[in-house]
Amino acid sequence: MSEKVIADFVARFSLDTFDSPEPVKGRIVLSQKRLVLATSDSKTTVPLANIFDINVGHVPSNLESFFQDTITIAYREGDGRRAAVVEAGTEEVSRFKTVLFKAELNGSDAKVKHPARVGGRVTGASFRPAKLKVEPGAVRFAASESVTVNLANVTYFQKENRDTGSVLVVRHADEGQSVTSEFAIESDRKLNLLGRYLRLEYSELAQEVEEVTTSEEEMEALVAIYSGARSGDLAGTLGVDSSHVTMLLNDLREKSLIDEGEKGLSLTAQGQLLVSDRIETVNT
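Not measured: the values here are computed from a predicted model. (Residues numbered from 1 in each chain as written. Predicted model: local features only at pLDDT ≥ 70, side-chain atom pairs only at ≥ 80, totals over all residues. Heavy atoms only, no water.)

Caption draft 1: Spotlight on the overall build of the chain. What the chain contains, in helices and strands, is 6 helices and 17 strands. Across its three principal axes, the chain shows a C-alpha extent of roughly 75 × 40 × 35 Å. When each of the 284 residues of the chain is scored for burial, the buried share is 44%. Long-range pairs, those at least 24 residues apart, make up 51% of the contacts in the chain between residues at least 6 apart in sequence. (Helix = DSSP H or I, 4+ residues; strand = E, 2+ residues; numbered from the N terminus. Buried < 20%, exposed > 50% of the residue type's maximum accessible area, 1.4 Å probe, protein only. Contact = heavy atoms within 4.5 Å.)

Caption draft 2: Structural context of the sheet that holds strand β2 (residues 24–31). An order of β4-β3-β2-β1-β7-β6-β5 is seen for the 7 strands of this open sheet, with the pairing classed as antiparallel. Two strands bound the open sheet, and with one partner strand each, they are β4 (43–47) and β5 (51–56). Recorded for the sheet is a direction-independent mean angle of 30° between the axes of neighbouring strands. Pairing of β5 with strand β6 (residues 70–77) involves 5 bridges; the strand directions are antiparallel. Counted as the bridge partner of Ile51 is Tyr75 from β6. (Pairing = 2+ DSSP bridges. Axes fitted to C-alpha atoms, helices over the stretch in contact; angles between N-to-C directions.)

Caption draft 3: Quick look at the side chain of Glu87. Mapped onto the secondary structure, Glu87 falls in strand β7 (residues 80–87). Glu87 gets classed as buried once you look at its relative accessible area, which sits at 13%.

Caption draft 4: Inspection of the packing of helix α3 (residues 216–226) against helix α5 (residues 242–254) at higher detail. α5 packs onto α3 with a crossing angle of 85° between their chain directions and a minimal axis gap of 10 Å. It follows that α3 is roughly perpendicular to α5 by the angle criterion. Between α3 and α5, the residues in contact are Glu217, Glu218, Ala221, Leu222 and Ile225 and His244, Leu248, Leu249, Asp251 and Leu252, respectively. Classifying every residue of the contact of α3 with α5 by side-chain character gives 6 nonpolar, 1 polar and 3 charged. (Parallel < 35°, antiparallel > 145°, perpendicular 65-115°, else oblique. Nonpolar A, V, L, I, M, F, W, Y, C, P; charged D, E, K, R; others polar.)

Caption draft 5: Quick look at the pattern of salt bridges. Counted according to the given criterion, the structure contains 16 salt bridges. Within the structure, one salt-bridge network assembled from shared partners comprises Lys113, Glu160, Arg162 and Glu182. (Salt bridge = Lys/Arg side-chain N within 4 Å of Asp/Glu carboxyl O.)

As structure tokens, this is what we get:
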């Protein structure tokens, strides 16, 4: 392999081309062009251009009894579809997931419309060319005015088909505001992979939020902050005295649902997701 190696480790893996579903121990090597899964007597090479899906934790039903922490890689081989399941420790799987998405997506030609919306207001922005880069905890679209989406702040995303092609619509927190950005990549395969990466990060955040419990009063405070209320406004908005607001805000900070910076109160990613879920429930 002449190109630069960006990951090289030993793990258990299984391919759907094996005679037995039981995993084997071997070497996983990832370069900027291909993924190689090798044992002492076999080697499977997968061009990165053939990979169309990457998933963490999901294992085909016939392999569930063999694996724990996994990353599943779906790829095309000729006219058929294949799958490889790699097992490693939780941290190793997380790191491998990130470098694999980087290898697939970094440097891709893209178009970005940001912000397409601020809150519910349409801005009238147009698409401009950009280069996509996956960074730790973020995706960045490098352009004349670069756009960085912190993945922990993503509260909603959806692939939509437009007359001009497919776009990924992403709602996320940006400096205390809820903004919507739209991204397009010439390759539909890469757009699907970007959507998968966001979905995996979103799922991790959603799991964290499921463990958080809030009272109705705390939720009302979160909705008020989401709507732009400042700490000094909350007493009147909620109909309570200022000392009670202080206690309420302390509880929300302890639950990692709010932050307070130079621009005042803002919701964390978890807070944004809770409020988004509440608003969508009310609207439906």
